[in-house]
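Remarks on the overall topology
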Amino acid sequence: PKRRILVCGGGNGAHCLSTLAASQKNSKVHVLTLFQDEADRWTKLCEDSDVKLTITDLDGSQREQFAKPTLVTKDTEKAMCGVEIIFLVVPAFAHEQYFKAIEPHFQPNTLIVGLPGQAGFEFQCRSILGDKANTCTIASLESLPWACRILEFGRHAQILGAKDSLGISYIKGKTCKLPFPIVASIQDIIGTKPKIEEIQNYIAINLMAKSMVHPPILYGKWKNWDGKPLQNEPLFYQGIDEIQADLLSQVSDELIATGKKLEQVKEGIDMSQVMHIYDWYKTYYKDQITDKSCLMKAMQTNNAYDGLVHPMIKTEDGYVPNFNYRYTTEDIPFGLVVMKGIAEIAGVDTPVMDEIILWAQKKLGKEYIVGSKLSGKDVGTARAPQSFGLKTVDELFDT
Ligand code: NAD
């Protein structure tokens, strides 16, 4: 029998994943997209042709695959019919809408995968699914497996160079009995690369979410900005200076300290996989970095980042930074604020994260922290564990 897969979303990642999955003989793929008229548009485009997926490997060689989902719809009941694996492949702010839509149609022994989960995925999913969470498995991957983009909506997408390895963690519900292996099934769908590596627990993967990278760089770059427009768009990663690299490194230290403290407080927990961002770069972009001598150099010389610039808005006088881009709108409430929440529960001070959140929340017109406490009026709209009633270390690990 064919494995039934549901891909939620209609963007870059959803195009790529659904085409990869549909090109396998043993799977049947549904796509659920609730956004605007995406489902109708994609359905029409699919009538007479497959989606073309161009895969560019790291050595520059290109392959093409042609396939299409059996169903693209906005109707959650139809989309959910018989599915065994559900992938959410949308920006984190859209997760809630999908969790709420699928909950009434949810069957036991389903695997639900955040691709990527982004920080707080499991807290939110378990809260919305309620008791049903005990009957399923909730997995989350630390990033998308590739850089990718749509070239023509509903018709053509591109995958650019898969990474070497990618972490996954999952929470298996107390009564969940999946009739298939978790990691091997996901690996089958995405292909041989990146190699999916199991991380011991979901809190570790929350502390490793890559949403921690952008805010320190933004803050370091713009905290003393004089407000004058720039004539060029500055490089984001490859333009990193010592101050920005140091901020990033210190945030990483605070996350590792949080992991270590949780290990001390809670017996049997292994957080050793929460690695420093510098070590992560050296592993993850093994073949793409030419100078690995320090974090700053590693980022400046990472080919995967060629040409990527700061989010900017073009004005008549030049470029000004866009502080309402996903590096803040997504990476603060679904990133640093979640990590701050976990650190607060662990009892670890995070002065550098606090400083960055305080700056970013002003730009966003939000209040998550007051001083060094996660007690701002907008905490409820972020995905910190506290927003879902989790307040102690035991509660974090009671899954
Ligand atoms: P995307 O930007 O293509 O997502 C857009 C899609 O999200 C839309 O097509 C729509 O289906 C949905 N959407 C947008 N606005 C919505 C709204 N207001 N309400 C409901 N749905 C809405 O996303 P992507 O590039 O596929 O990335 C998915 C996730 O992976 C993101 O968290 C992103 O940060 C991360 N990521 C992406 C890449 C990449 O190369 N594309 C690489 C690494 C990580």
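Being a predicted model, the structure only gives us computed values, none of them experimental.

**Points about the overall build of the chain**
- Across its full length, the chain holds 15 helices and 14 strands.
- Seen through its principal axes, the chain has C-alpha atoms that stretch 55 × 50 × 35 Å.
- Expressed as a percentage of its 399 residues, the buried residues of the chain come to 43%.
- Long-range pairs, those at least 24 residues apart, make up 74% of the contacts in the chain between residues at least 6 apart in sequence.

**Overview of the pairing of strand β4 (residues 62-67)**
- Among the six residues in β4, zero count as buried, and that is only a small part of the element.
- Note that strand β3 (residues 51-56) and β4 share six bridges and pair antiparallel. Note that in β4 the partner of K52 across the bridge is F66.
- Hairpin connection from β3 to β4: five residues lie between these consecutive antiparallel strands, with G60 at a positive phi of about 90 degrees.

**A few points about the domain arrangement of the chain**
- The domain boundaries assigned to the chain delineate domain 1 (3-198) and domain 2 (210-397).
- Distance from the C-alpha centre of domain 1 to the C-alpha centre of domain 2: 26 Å.
- If you look at the interface, domain 1 gives 16 residues, while domain 2 gives 18 residues.
- It is helix α5 (residues 121-129) that contributes the most residues to the side of domain 1 that touches domain 2, three residues altogether.
- Its residues placed into classes, the side of domain 1 that touches domain 2 shows six nonpolar, seven polar and three charged.

**Section: the environment of L58**
- Among the structural elements, L58 can be located in the loop between β3 and β4.
- L58 gets classed as partly exposed once you count the C-beta atoms within 10 Å, which come to 15.
- In sequence terms L58 and A304 are 246 residues apart; their C-alpha atoms lie 9.5 Å from each other.
- Those residues in contact with L58 that sit more than four places away from it in its chain are G161 and D287.

**Concerning the site of the ligand**
- Near the ligand there are 22 residues, and of these G10, G11, N12, G13 and F35 occur at the shortest range.
- Ranked by the residues each element gives to the shell around the ligand, the list is headed by helix α1 (residues 12-22), at three residues.
- Here the residues of the shell around the ligand are counted per class, giving eleven nonpolar, nine polar and two charged.

**Examining the nonpolar core**
- Ranked by size, the top nonpolar core spans 115 residues in total, and within it L6, V7, C8, I86, F87, V113 and M339 carry the most contacts.
- When residues in this core are grouped by element, the largest group, ten residues, is from helix α13 (residues 332-346).
- For this core, the domains that each give at least three residues are domain 1 (3-198) and domain 2 (210-397).
- If near-sequence neighbours (up to four positions away) are discounted, F87 is found in contact with L6, V7, C8, L17, V113 and L115.

**Quick notes on the pairing of strand β13 (residues 312-315)**
- Bridging between β13 and strand β14 (residues 318-321) involves four bridges; their strand directions are antiparallel. By the bridge assignment for β14, T315 is matched with G318.
- The turn joining β13 and β14, which pair antiparallel and follow one another in sequence, is formed by two residues.

**A look at the sheet that holds strand β11 (residues 165-172)**
- Here we have eight strands laid out as an open sheet, ordered β5-β2-β1-β6-β7-β8-β11-β12, and mixed in their pairing. For this open sheet the edge positions go to β5 (71-73) and β12 (195-198), each flanked by a neighbour on one side alone. Taken over all neighbouring pairs, the strand axes of this sheet differ in orientation by 25 degrees on average, direction set aside.
- Here strand β1 (residues 3-8) runs beside strand β2 (residues 27-32); their pairing, made up of six bridges, is parallel. Counted as the bridge partner of I5 is V29 from β2.

**Things to note about the sheet that holds β4**
- Strand order in the open sheet made by the four strands is β4-β3-β10-β9, with mixed pairing throughout. Each having just a single partner strand, β4 and β9 (146-152) make up the two edges of the open sheet. The average undirected angle you get between the axes of adjacent strands in this sheet is 20 degrees.
- Packing against the sheet, α1 makes contact with β3, β4, β9 and β10 (156-162), and its axis sits at approximately 95 degrees to β9.

**Concerning unusual backbone geometry**
- Here the residue pair L115 and P116 is connected by a cis peptide bond, since its omega of -5 degrees sits within 30 degrees of zero.
- Along the chain, the position of P116 falls in the loop between β7 (111-114) and α5.
- Note that the residue after K193, namely P194, is joined by a cis bond; omega there is -5 degrees.
- Mapping P194 onto the fold places it in the loop between α6 (182-190) and β12.
- Phi angles above zero are rare outside glycine, and Q36 is one such case at about 40 degrees.
- Take Q36: it is sitting in the loop between β2 and α2 (38-46).
- Classification of Q36 as exposed rests on a count of 10 C-beta atoms within 10 Å.

What counts and how
- Residues numbered from 1 in each chain as written.
- Predicted model: local features only at pLDDT ≥ 70, side-chain atom pairs only at ≥ 80, totals over all residues.
- Helix = DSSP H or I, 4+ residues; strand = E, 2+ residues; numbered from the N terminus.
- Buried ≥ 20, exposed ≤ 12 C-beta atoms within 10 Å, placed from the backbone.
- Contact = placed C-beta atoms within 7 Å.
- Pairing = 2+ DSSP bridges.
- Domains from an automatic or database assignment.
- Nonpolar A, V, L, I, M, F, W, Y, C, P; charged D, E, K, R; others polar.
- Near = placed C-beta within 6 Å.
- Core = buried A, V, L, I, M, F, W, Y, C linked by C-beta atoms within 7 Å.
- Axes fitted to C-alpha atoms, helices over the stretch in contact; angles between N-to-C directions.

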